[in-house]
Amino acid sequence: MAIYEKMMLIQNADVLTDKREEGKDIGEPLQVKNFYVNKITFGYTRIYDPQSDDSTGLLVPVWDFFGTYELSYDGENMISVNDVDKSFMTINAVDGTLIDRWLGY
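The structure displayed is predicted, hence computed values, not measured ones. (Residues numbered from 1 in each chain as written. Predicted model: local features only at pLDDT ≥ 70, side-chain atom pairs only at ≥ 80, totals over all residues. Heavy atoms only, no water.)

Caption draft 1: Structural view of the overall build of the chain. Helices and strands together make up the secondary structure of the chain, namely 1 helix and 4 strands. Beginning at the N terminus, the succession of helices and strands in the chain can be written as α-β-β-β-β. Counting only residues that meet the buried cut, the chain has 27% of its 105 residues in that class. For the chain, the share of sequence-separated contacts (at least 6 apart) that also reach a separation of at least 24 residues comes to 53%. (Helix = DSSP H or I, 4+ residues; strand = E, 2+ residues; numbered from the N terminus. Buried < 20%, exposed > 50% of the residue type's maximum accessible area, 1.4 Å probe, protein only. Contact = heavy atoms within 4.5 Å.)

Printed below as a string of C-alpha cells:
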C-alpha cells in the first residue's frame, strides 16, 4: 500500500500541471483528479525486456488496483469515470517496481 500511495502521486503529478504556456496542452488543465480503489487483486502478468526480445517473457506475481476516478476542470463539477477492466496501477509483487500493462514491462 505504501508503494501504491507514493507512486499514484508521482504517476499523476503531470496531469494537474498547466502546460498551456508551453503550447503542450490546448485544453483546460485538470484541477482535481480523485481515485477510488474498489478492488485490489493478486495475480500474474507477463513482462519482457524490450532491449532483447519481445516474443518471450517472464510470468511475475503482481498487485492490481481497480476502481473509479473523478475529474474536474473547474474544481467543482466532477466527471466520474468507471473503467472496471483497467488497472490504475500494477505493482510487481516480487520487487515493488511498477509495470506498465500497455508496454509489457
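Back to the write-up after that little detour.
Caption draft 2: Layout of the pairing of strand β3 (residues 79-82). In this sheet, β3 lies alongside strand β2 (residues 58-72) in antiparallel orientation, the contact comprising 4 bridges. Across the sheet, L71 pairs through a bridge with I79, a residue of β3. If you look at the hairpin formed by β2 and β3, you'll find 6 residues sitting between the two strands, and G75 has a positive phi there, around 85°. (Pairing = 2+ DSSP bridges.)

Caption draft 3: Spotlight on a nonpolar patch on the surface. A cluster of nonpolar side chains, namely M1, V37, I40, F42, Y44, L59 and W63, defines an oily patch on the protein surface of about 750 Å² accessible area. When contributions to the nonpolar patch are tallied by element, the ones reaching two or more residues are β1 (32-47) and β2. If you tally residues by element for the nonpolar patch, the top one is β1, at 4 residues. Note that F42 resides in strand β1. Exposure remark for F42: the relative accessible area of 48% places this residue in the partly exposed category. (Patch = residues over 30% accessible without salt bridge, like charges linked within 9 Å, V, L, I, M, F, W, Y side chains within 5 Å. Areas by Shrake-Rupley, 256 points an atom, 1.4 Å probe, with all protein chains shown as cover. Salt bridge = Lys/Arg side-chain N within 4 Å of Asp/Glu carboxyl O.)

Caption draft 4: Just the nonpolar core, in detail. Counting residues in each nonpolar core, the largest one holds 6 residues, listed as Y4, M8, F65, F88, M89 and I91. Other than its neighbours up to four places away in sequence, M89 contacts Y4, M7, M8, Q11, W63, D64, F65 and L98. (Core = buried A, V, L, I, M, F, W, Y, C linked by side-chain atoms within 4.5 Å.)

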